[in-house]
Amino acid sequence: GGEVLLHPEIEQILSHCSGAGVQVNLTTNGTLLDRETARSLVTSGVHSVSVSLDGPTPEVHDRLRGHKGAFKATVRGIEYLAAARKKTRPRIRINTVVTSNNVDGLPALHALLGTLALDAAWKLIPVDSPKKSMRLDDARAARLFADCASWDGPRPEISAGEGDSCDLYERGRYACGYYRDHLCYMPWLHVFVDPAGFVYP
């Protein structure tokens, strides 16, 4: 429910979980990953850190993220994390939500990731949006699949679930629509307590 690195006790939480033998995979927008935070993530024993990077330039990424300066901060954060990690821990993953607004820039993003020498996994996630204008059409989806097959270096995992296809991208069906077709039971098993003390099932 938001940027995890904003939590004031995140380092203690991560250290406690990894120390208890829990596999800890963290997802962040990367803008708060300074040198000290990157080192503390490594020290905490986090297994993997996924960083959201949606474009190869500030113009594309910042527009999609709605925050000027996000691209510069995110790329710098990825570099800090790569420099701080020990051998291959934590594993670095780059998540890119693919929309009609950034798909043409993915070859340039592929090139950028190659220059960062991260040895990172790269995951392309189709935008799950009811707005057809945000999703890829058949031609762009087919071109994306062809481009990905021809790339050397960081070859992305195309994530639409089992049986990945251009059709799933065109329809914006992340994980084959699993999460649209299956209810999340977490609300029934947990409660949320807000700062004012109100409790919501």
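Note that this is a predicted model, so its numbers are computed, not measured.

1. Observations concerning the environment of Gln23
Turning to step 1, where the next piece is worked out: Along the chain, the position of Gln23 falls in the loop between helix H1 (10-19) and strand E1 (25-28).
Turning to step 2, where the next piece is worked out: The exposure class assigned to Gln23 is exposed, which follows from its relative accessible area of 55%.
Turning to step 3, where the next piece is worked out: Polar side-chain contacts of Gln23 include one of 3.5 Å to the side chain of Asn25.

2. Some thoughts on helix H6 (residues 138-150)
Turning to step 1, where the next piece is worked out: The terminal C-alpha atoms of H6 lie 19 Å apart, and with 13 residues this matches the ideal 18 Å at 1.5 Å per residue to within 8%.
Turning to step 2, where the next piece is worked out: The complete set of buried residues in H6 reads Ala141, Leu144 and Cys148. Projected down its long axis, H6 shows its buried positions confined to an angular sector of 60 degrees, all on one face. Turned more than 90 degrees from where H6 packs its buried face, Asp138, Ala139 and Ala149 sit exposed.

3. Looking at the side chain of Ser44
Turning to step 1, where the next piece is worked out: Along the chain, the position of Ser44 falls in helix H2 (residues 35-44).
Turning to step 2, where the next piece is worked out: Its relative accessible area of 4% is what places Ser44 among the buried residues.

4. Structural notes on the packing of aromatic side chains
The description of an aromatic ring pair rests on the distance of the ring centres and on the angle between the ring planes.
Turning to step 1, where the next piece is worked out: Applying the stated criterion to the full structure yields one aromatic pair.
Turning to step 2, where the next piece is worked out: Considering the side-chain rings of Trp122 and Trp151, the 5.8 Å spacing of their centres and the 15 degrees angle between planes classify their relative orientation as stacked. Separated by 29 residues along the polypeptide, Trp122 in strand E4 (residues 121-126) and Trp151 in the loop between H6 and strand E5 (157-158) bring together distant segments of the chain. Like Trp151, Trp122 is buried.

What counts and what doesn't
- Residues numbered from 1 in each chain as written.
- Predicted model: local features only at pLDDT ≥ 70, side-chain atom pairs only at ≥ 80, totals over all residues.
- Heavy atoms only, no water.
- Helix = DSSP H or I, 4+ residues; strand = E, 2+ residues; numbered from the N terminus.
- Buried < 20%, exposed > 50% of the residue type's maximum accessible area, 1.4 Å probe, protein only.
- Polar contact = N/O pair within 3.5 Å; in protein donor to acceptor, adjacent residues only side chain to side chain.
- Expected span 1.5 Å × (residues − 1).
- Arc of directions from axis to C-beta.
- Phe/Tyr/Trp six-rings, centres within 6.5 Å; stacked < 30°, edge-to-face > 60°.

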